[in-house]
Amino acid sequence: MIIPTLRILRNSQYQKIINVYKKSGIHSLRVNMTRHSLSEYIQHIRFFQDEMPYLKIFCDIPVPGEKIRLALPLDSEFHIEENNTYIFTSKNGEEEFKENPFAIPVGIDSFPNMQMSEIIIGDGEAIFRITNSNAHFIEAVATGNSIVRGHRSIIIPHALEFRPAQKNQLEEYIEAFKEINPYAIILSFSEAVPTIQEIEKTISSALGYHPLIIPKIETPLGVNSLEKITAFYPNVLIGRGDLALTDDIDRYYNNYRKALTFHNPPKVNLIVATDILSSLYENTIPSRADLSDLMVLKECGIKDIVASAGISIDPDLFALFYQYSSHLNE
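Notes on the structure follow. Because the structure is predicted, anything quoted here is derived from the model rather than measured.

Thoughts on the side chain of Thr 89
Then, number 1: In this structure, Thr 89 sits in strand 5 (residues 85-89).
Then, number 2: The class of Thr 89 is buried, set by a relative accessible area of 1%.
Then, number 3: Look past the residues within four positions of Thr 89 in its chain and what remains in contact with it is Glu 94, Phe 97, Ala 103, Ile 104, Pro 105, Val 106, Phe 111, His 136 and Phe 137.

Right, dumping it as structure tokens:
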């Protein structure tokens, strides 16, 4: 199963990609419900449901954990220059540095009081070496030139990787679910069975039916908990992006390999996401690394993958993605 990811556009811009979805036999759509208002998501999901009534909606929500994000304006761009020192400010320290042109606000009350070495923005497009820190701010030197956009995520490996969702967040998402009746709910940063079960109970009780619950594994602790999680939730999504950012390359390799070994249909089904065939953004023929990635997934028996939003919304790119990745189901 190939699961495209919704990117919010004007309704008139969807028709070409919907035609490609129909031609390709697409029956599922992932919606990452973290970037826009819930009312916008409801509106656009309904449009797809009207055009494709059989479509299964997979709602990806920041519960039980959510990414920590920069507090820059959504459409802004912050130009980073190599070797410059930047100041990352918490909410409690933002006022002190509000006039500083090198200050970057972070949407968190305070930073942890522990040893920290680096800051990673987004999927690694900007990396900083930490030189000084306290609860209110972090001074860090940029390791390269880059552009940081809007509400990109921020990770400090082994210190600040995600935070628990706010108590009222699940209630807000449930109200949205009542409007769109999702087929599946993907739960971000899943690590503990009791927490997942409590969320599932709350959702099912409110909706009056039992949507498929898919824990998303994005941390080393999540990987280590896979045996317990899959005993109750046989469908699991592996979020390779955050898993790669929260550990060094050797431990990422071991964690990713360990995760893939849990694929054992029909008892356990893994869905794999993040950076699949991403070289199609540059060329119509995938890179050798991307083709090798697909080969590894196929050898592990993986049949269900998620296409990125950028590929999913471009008719030509998605047609290529489908052409190359459909071999997983042969």
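Observations concerning the pairing of strand 8 (residues 126-133)
Then, number 1: Pairing analysis gives four bridges linking strand 7 (residues 118-121) to strand 8, with the strands arranged antiparallel. Bridge pairing in strand 8 links Ile 119 to Phe 128.
Then, number 2: Counted between consecutive antiparallel strands, the loop separating strand 7 from strand 8 contains four residues, among which Gly 122 sits at a positive phi close to 60 degrees.
Then, number 3: Direction of pairing for strand 8 relative to strand 9 (residues 137-142): antiparallel, over a ladder of five bridges. The residue of strand 9 that forms the bridge with Ser 133 is Ile 138.

Re the pattern of salt bridges
Then, number 1: Under the defined criterion, the tally for this structure stands at nine salt bridges.
Then, number 2: With a closest N to O distance of 2.4 Å, Arg 46 and Glu 179 form a salt bridge. Placement of the pair is Arg 46 in helix 2 (residues 38-51) and Glu 179 in helix 3 (residues 169-180), with a sequence separation of 133 residues.
Then, number 3: Taking relative accessible area as the criterion, Glu 179 reaches 40% and is therefore assigned partly exposed.
Then, number 4: Residue Lys 98 is joined to Glu 95 by a salt bridge in which the shortest nitrogen-to-oxygen separation is 2.8 Å.
Then, number 5: Residue classification places Glu 95 among the exposed positions, given a relative accessible area of 54%.
Then, number 6: Shared partners join several salt bridges into a network, and the residues in it are Arg 30, Asp 60 and Lys 216.

Rules used in this analysis
- Residues numbered from 1 in each chain as written.
- Predicted model: local features only at pLDDT ≥ 70, side-chain atom pairs only at ≥ 80, totals over all residues.
- Heavy atoms only, no water.
- Helix = DSSP H or I, 4+ residues; strand = E, 2+ residues; numbered from the N terminus.
- Buried < 20%, exposed > 50% of the residue type's maximum accessible area, 1.4 Å probe, protein only.
- Contact = heavy atoms within 4.5 Å.
- Pairing = 2+ DSSP bridges.
- Salt bridge = Lys/Arg side-chain N within 4 Å of Asp/Glu carboxyl O.

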